[in-house]
Amino acid sequence: MKPKLRTDDWIEKIYALVRQIPRGKVCTYGILAEHAGTRLTARMVGWAMNAAHHIQPPIPAHRVVNRNGLLTGKHHFGSPTLMQELLEAEGFIIKDDQILDFKKYVWQP
DNA sequence: TCACTGACCGTGG
DNA sequence: ACCACGGCCAGTG
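Residues numbered from 1 in each chain as written. Chains lettered and ligands numbered in written order. Predicted model: local features only at pLDDT ≥ 70, side-chain atom pairs only at ≥ 80, totals over all residues. Heavy atoms only, no water.

Colleague: Is there a simple way to explain the pattern of salt bridges in this structure?
Modeller: Pairing between side chains of opposite charge can happen when the charged atoms of each approach one another. Enumeration over the complete set of coordinates arrives at 2 salt bridges. Asp97 is the salt-bridge partner of Lys74, the closest N and O atoms lying 2.8 Å from each other. Taken together, the residues span a long stretch of sequence, with Lys74 in the loop between β2 (64-65) and α4 (82-89) and Asp97 in the loop between β3 (94-95) and β4 (98-99) at a distance of 23 residues. Using a relative accessible area of 24% as the deciding quantity, one classes Asp97 as partly exposed. (Salt bridge = Lys/Arg side-chain N within 4 Å of Asp/Glu carboxyl O. Helix = DSSP H or I, 4+ residues; strand = E, 2+ residues; numbered from the N terminus. Buried < 20%, exposed > 50% of the residue type's maximum accessible area, 1.4 Å probe, protein only.)

Here it is, written out as C-alpha cells:
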C-alpha cells in the first residue's frame, strides 16, 4: 500500500524547505522540486508558492528564485517590487530583477 | 469532458 | 554560443 502520493505530500515538503531557507540565502525552484521528490516538477513549485499566499504560516517565497537568479515571481507578490524590497532588506543586491552573485547565496538543504 | 496553461529546468540541433 | 522542444502535476476555461 503506497501512501497517498498526492499534492499535499510533496507540497508540504516544498513549504518546509522554503521555510528552512535561512535569512540571507536563496533557493531555486529546481532544488526545491528535486528535494520534494521529482526535479521535473519545478513548474509546480511555482504553483505551490502561489497557493502559499493564502496559507499560514506565511512562506518566504521571496527567497525562491529561478535558476537564473531572476525574480520571475515578483509579479505575484501583490506588488511588483515587494520581492525585490524584501531581498534587498536581507542584504541582496538586485539588478534588473536579478540577484547579483546569486550563485554565492544559493542554499541547499 | 477536453485542452491549455503555469513563479521551471534540462537536453538537443 | 544561441534557439527550440519536451516533460512533470494540478488547476482552470
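On we go.
Colleague: Is there a simple way to think about the protein's contact with DNA strand B in this case?
Modeller: Tyr29, Arg43, His53, Arg67 and His76 are the nearest of the 15 residues found near DNA strand B. Expressed as a percentage, the sugar and phosphate content of the atoms of DNA strand B within 4 Å of the protein is 46%. One nitrogen or oxygen atom from the main chain of Arg67 is found 2.5 Å from a phosphate oxygen belonging to DNA strand B. Within the side chain of His76, a nitrogen or oxygen atom sits 2.9 Å from a phosphate oxygen of DNA strand B. Of all the elements in the fold, those that place two or more residues in the surface near DNA strand B are α2 (29-36) and α3 (42-51). Of the residues that constitute the surface near DNA strand B, the class distribution is 5 nonpolar, 8 polar and 2 charged. (Near = heavy atom within 4 Å. Polar contact = N/O pair within 3.5 Å; in protein donor to acceptor, adjacent residues only side chain to side chain. Nonpolar A, V, L, I, M, F, W, Y, C, P; charged D, E, K, R; others polar.)

Colleague: Even after reading the chapter, I still don't get the environment of Pro109, so can you show me in this structure?
Modeller: Turning to its location among the elements, Pro109 is positioned in the segment after β4. Along the backbone, Pro109 and Glu85 are 24 residues apart, and their C-alpha atoms lie at a distance of 25 Å. If sequence neighbours within four positions are ignored, Pro109 has contacts with Leu17, Ile31 and His35. (Contact = heavy atoms within 4.5 Å.)

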